[in-house]
Amino acid sequence: MPDVQHPADDHVVAVLVLDAEQAPAPALVWDERHGWRTAASRRHPVARGAALPPEGQGVRYLATGTTPPPTALVDALTTPDA
């Protein structure tokens, strides 16, 4: 089950840690404001007090909405950056 957090701004966030040896990302994060994305770190997948969506190395936005089709999420996760 995902670790669900309620950050200071009361937005819902869920984290799925990908601990397989060859995982395509350290973790997946779902944020009700920005949808699904990868996280650059397993240890700190959700930045504290982050009002803006994170950007930078290791962060890729995969899908928007609460329930994208699972195949769309997996395809975005396994497709190399364009």
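Residues numbered from 1 in each chain as written. Predicted model: local features only at pLDDT ≥ 70, side-chain atom pairs only at ≥ 80, totals over all residues. Heavy atoms only, no water.

Chemist: Explain the pairing of strand 3 (residues 27–31) here, please?
Modeler: For a regular strand, the rule is simple: side chains alternate between the two faces of the sheet. Counting buried positions over the 5 residues of strand 3 gives 5, a clear majority of the element. With 5 bridges joining them, strand 2 (residues 13–17) and strand 3 adopt antiparallel strand pairing. Paired with Val17 across the strands is Ala27, a residue of strand 3. Here strand 3 runs beside strand 4 (residues 35–39); their pairing, made up of 5 bridges, is antiparallel. Across the sheet, Leu28 pairs through a bridge with Thr38, a residue of strand 4. (Buried < 20%, exposed > 50% of the residue type's maximum accessible area, 1.4 Å probe, protein only. Helix = DSSP H or I, 4+ residues; strand = E, 2+ residues; numbered from the N terminus. Pairing = 2+ DSSP bridges.)

Chemist: Looking at this model, I keep getting lost on helix 1 (residues 70–78). Mind explaining?
Modeler: What sets the pattern is the α-helix's 3.6 residues per turn: residues three or four places apart point alike. Taken together, the buried positions of helix 1 are Leu73, Ala76 and Leu77. Projected down its long axis, helix 1 shows its buried positions confined to an angular sector of 100°, all on one face. In helix 1, the exposed residues that point more than 90 degrees away from the buried face are Thr71 and Thr78. Of the surrounding elements, those touching the buried residues of helix 1 are strand 3, strand 4 and strand 5 (61–63). (Arc of directions from axis to C-beta. Contact = heavy atoms within 4.5 Å.)

Chemist: Teacher, can you tell me more about the nonpolar core here?
Modeler: Nonpolar side chains tend to gather and get buried jointly when the protein is soluble and globular. Residues Ala14, Ala25, Leu28, Trp30, Trp36, Leu62, Ala63, Leu73, Ala76 and Leu77 constitute the largest nonpolar core, which totals 10 residues. It is helix 1 that provides the largest number of residues to this core, a total of 3 residues. Setting aside residues up to four positions removed in sequence, Trp30 forms contacts with Val12, Val13, Ala14, Gly35, Trp36, Gly65 and Thr66. Membership of the second largest hydrophobic core comes to 5 residues, among which are Val13, Val15, Val29 and Ala39. (Core = buried A, V, L, I, M, F, W, Y, C linked by side-chain atoms within 4.5 Å.)

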